[in-house]
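Structural description and commentary
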Amino acid sequence: MFPRVLAVFSLLIASASAQSVYVLKAARTFDGNSMRQNWAVRVKGDRIEAAGPASSIDSSNAKVIDLGSATLMPGLVEGHSHVLLHAYSETSWNDQVEHEALALRVARATNHLHSTLMAGFTTIRDLGTEGAGYADVGLKEAVNQGIIPGPRMLVVTRAIVATGTYGPKGFVPEWTVPQGGEETSGPDIIRVVRDQISRGADWIKLYGDYRWGPHPGSHPTFSLEEMKMAVATAHDAGVPVAVHTSTPEGMRRAILAGADTIEHGNEGTPEVFKMMVDHHVAFCPTLTAGGGAPRPGQPESPARIRKRESFQAALAAGVTILSGSDVGTFPHGDNARELEAMVDFGMTPVDALKAATSVAGQVLHLDIGTVKPGMFADLIAVDGDPVEQISAIRHVKFVMKAGMIYKQ
Ligand SMILES: [Zn+2]
């Protein structure tokens, strides 16, 4: 099956020259903000040239693709992925990091990138290789060179963790065990940030809290001063910073340090979300990390109830929300479950779609997520109307990235 897919992919690549012109038509177009009826989109090369009512779009010299009753929309954005991990239900994080060779992990990742693109996710922000070094930089390059099919990638290389706080852990104290992130403490964090940027990091990822020390639960890791040094160094290079943090204190430090996004925020309070609004920090909630909805008849876990409360507090505060799922902890290609979870937890379908399109484009500083002239021609079509039923985004029948068709 897979060699055949690759053969088809090569054909599609071969048939698309740099300046191919397409006109895409569909019954509905979600333009990144609202649903439009009977629109058409003209694509030239890797960009959208024109978009609007079908009667207003010039189709001369273009290959016209009529998507019929489908919904045309911007390619979806996965704000928080780990393509170098595979589902924990298959292999625990510890076993992946300790027992899976780098080449094995990279080979799996090429399949993960393919699954992600075929699921209609044309951009990912991949937030840490978890022991796989700088492999994300090479994978991104392989996608950009057309060697393997995959989404547009933003990468962070090795997440930055405070000394002694991350994993794998639990060994005899005489052993020093390689970690899933890059350890540092104190002003050395400046060197680490610069080093990662020099090796290809598009974003910097910090762990602002983690399960460490003698007491259960997450506790803050980096001090406010350490975080400020890291953020200021990254921002000097125009590189944004994402901070994994779930505790109110970790979130508070990330906000005051000038972080661009906060990941997870499981224990976020109304006060902390208000601070995020005031400081223009976006929230990537990863609602589906560690398991989705309970089985019918089963009670919800306390963690899920807490997660819903914090997400609703974020909605009430008006925090900018970037859709991101922590995929890799669950199977790649199932990214849609995050949008379903956001709707399940009280977001409107239109806002959930925006969190994975237009808002995502703004948070990630990319020309994506909106159907308008000048944006990258990252466009997908799904059966049905995702504003009526968010699960329609699972029924992807067409995928274009940068003007190139990958699924039709
Ligand atoms: Zn993650």
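We now turn to the structure provided with this report. Since the model is a prediction, treat every value here as computed from it, not as a measurement.

**Some points on the overall build of the chain**
Across its full length, the chain carries 12 helices and 19 strands. For the chain, whose C-alpha radius of gyration is 21 Å, the value lies close to the compact-globule estimate of 22 Å for 408 residues. On the principal axes, the C-alpha backbone points of the chain span a range of 70 × 50 × 45 Å. Put simply, of all contacts in the chain between residues at least 6 apart along the chain, 67% involve residues at least 24 apart. Carbon and sulfur atoms make up 54% of the accessible area of the chain, which totals about 16,500 Å². Within the chain, the 43 negative side-chain charges are centred at a point lying 4 Å from the centre of the 36 positive side-chain charges.

**A short note on the packing of helix 6 (residues 224–236) against helix 7 (residues 248–257)**
Closest axis-to-axis distance for the helix 6/helix 7 pair is 9 Å, and the angle between their directions is 40°. Our classification of the angle between helix 6 and helix 7 gives oblique. In the crossing of helix 6 with helix 7, the sense of the turn from one axis to the other is right-handed. Residues Leu224, Met227, Lys228 and Val231 of helix 6 form the contact with helix 7, whose own contacting residues are Gly250, Arg253, Ala254, Leu256 and Ala257.

**Structural notes on the coordination of the zinc ion**
Distances from the zinc ion to its protein donors, His80 (NE2), His82 (NE2) and Asp326 (OD), fall within 2.1 to 2.2 Å. Of note, the donors binding the zinc ion are all from one chain and are spaced H-x1-H-x243-D. With His80 in strand 6 (residues 76–81) and Asp326 in the loop between helix 9 (302–317) and helix 10 (337–344), the pair connects residues that are 246 residues apart, well separated along the chain. Among the residues examined, His80 registers a relative accessible area of 1% and is labelled buried.

**Re unusual backbone geometry**
Of note, the bond from Gly167 into Pro168 is cis; its omega dihedral lies within 30 degrees of zero at -5°. Note on placement: Pro168 falls in the loop between strand 9 (160–162) and strand 10 (182–184). Here Thr157, not a glycine, exhibits a phi torsion of approximately 60°, which is positive. Relative to the helices and strands, Thr157 is located in the loop between strand 8 (152–155) and strand 9. By relative accessible area, Thr157 is classed as buried at 0%. Phi angles above zero are rare outside glycine, and Asp326 is one such case at about 70°.

**Here's the deal with the sheet that holds strand 7 (residues 121–126)**
One open sheet holds the 3 strands; their spatial order is 6-7-8, and the pairing between them is parallel. Edge positions in the sheet fall to strand 6 and strand 8, since each of these pairs with one other strand and no more. The average undirected angle you get between the axes of adjacent strands in this sheet is 15°. In the sheet, strand 7 pairs with strand 8 via 4 bridges, with the strands oriented parallel. By the bridge assignment, Asp126 is partnered in strand 8 with Val155. Contacts from helix 3 (residues 102–118) reach strand 7 and strand 8, with the element oriented near 130° to strand 7.

**Let's talk about the packing of aromatic side chains**
The tally for this structure, following the rule as stated, stands at 7 aromatic pairs. On the basis of an interplanar angle of 25° and a centroid distance of 6.2 Å, the ring pair of Phe171 and Trp175 is categorised as stacked. Since its relative accessible area comes to 34%, Phe171 is described here as partly exposed. Aromatic pair Tyr207 and Tyr210: ring centres 5.6 Å apart, planes at 80°, arrangement edge-to-face.

**Points about helix 10**
Within helix 10 the residues assigned to the buried category are Glu338, Leu339, Glu340, Ala341 and Met342. In this structure, the buried residues of helix 10 make contact with strand 6, strand 7, helix 9 and helix 11 (349–355). Trailing helix 10 by a residue or two, Gly346 shows a phi angle of about 115°, which is positive.

**Quick notes on the side chain of Thr288**
With respect to the secondary-structure elements, Thr288 resides in the loop between strand 16 (282–284) and helix 9. One polar contact links Thr288 to Glu338, side chain to side chain, over a distance of 2.7 Å. Those residues in contact with Thr288 that lie beyond four places of it in its chain are Ser325, Phe330, Arg337, Glu338 and Ala341.

**Some words on the pairing of strand 14 (residues 241–245)**
Summarising burial for strand 14: 5 of the 5 residues are buried, a large majority. In strand 14, alternate side chains face the same way, and those of Val241, Val243 and Thr245 on one face and Ala242 and His244 on the other are all buried. With 4 bridges connecting them, strand 14 and strand 15 (residues 261–264) associate as parallel partners. Within strand 15, the residue paired with Thr245 across the bridge is His264. Regarding the hand of the β-α-β motif, the stretch spanning strand 14, helix 7 and strand 15 is right-handed.

**Focus: helix 8 (residues 270–278)**
Listed as buried for helix 8 are Val272, Phe273, Met275 and Met276. Viewed along the axis of helix 8, the buried residues span an arc of 155°, placing them on a single side of the element. Of the exposed residues in helix 8, those oriented more than 90 degrees away from the buried face are Pro270 and Glu271. Looking at the buried side of helix 8, the elements it contacts are helix 7, strand 15, strand 16 and helix 9. Backbone geometry just downstream of helix 8 places His280 in the positive-phi region, at approximately 55°.

**Here's the deal with the pairing of strand 7**
With 6 of 6 residues buried, strand 7 lies mostly within the body of the structure. Sheet topology places strand 6 next to strand 7; 4 bridges connect them, and they run parallel. Across the sheet, the residue bridging to Glu78 is Ile124, located in strand 7.

The rules behind each value
- Residues numbered from 1 in each chain as written.
- Predicted model: local features only at pLDDT ≥ 70, side-chain atom pairs only at ≥ 80, totals over all residues.
- Heavy atoms only, no water.
- Helix = DSSP H or I, 4+ residues; strand = E, 2+ residues; numbered from the N terminus.
- Rg over C-alpha atoms; globule rule 2.2 N^0.38 Å.
- Contact = heavy atoms within 4.5 Å.
- Areas by Shrake-Rupley, 256 points an atom, 1.4 Å probe, with all protein chains shown as cover.
- Lys, Arg positive; Asp, Glu negative; His and termini not counted.
- Charge placed at Lys NZ, Arg CZ, Asp CG, Glu CD.
- Axes fitted to C-alpha atoms, helices over the stretch in contact; angles between N-to-C directions.
- Parallel < 35°, antiparallel > 145°, perpendicular 65-115°, else oblique.
- Left-handed = near helix turned anticlockwise from the far one by under 90°.
- Donors = N, O, S within 2.8 Å, 3.2 Å for Na, K, Ca; no water.
- Buried < 20%, exposed > 50% of the residue type's maximum accessible area, 1.4 Å probe, protein only.
- Pairing = 2+ DSSP bridges.
- Phe/Tyr/Trp six-rings, centres within 6.5 Å; stacked < 30°, edge-to-face > 60°.
- Polar contact = N/O pair within 3.5 Å; in protein donor to acceptor, adjacent residues only side chain to side chain.
- Right-handed = clockwise from strand over helix to strand, strands pointing away.
- Arc of directions from axis to C-beta.

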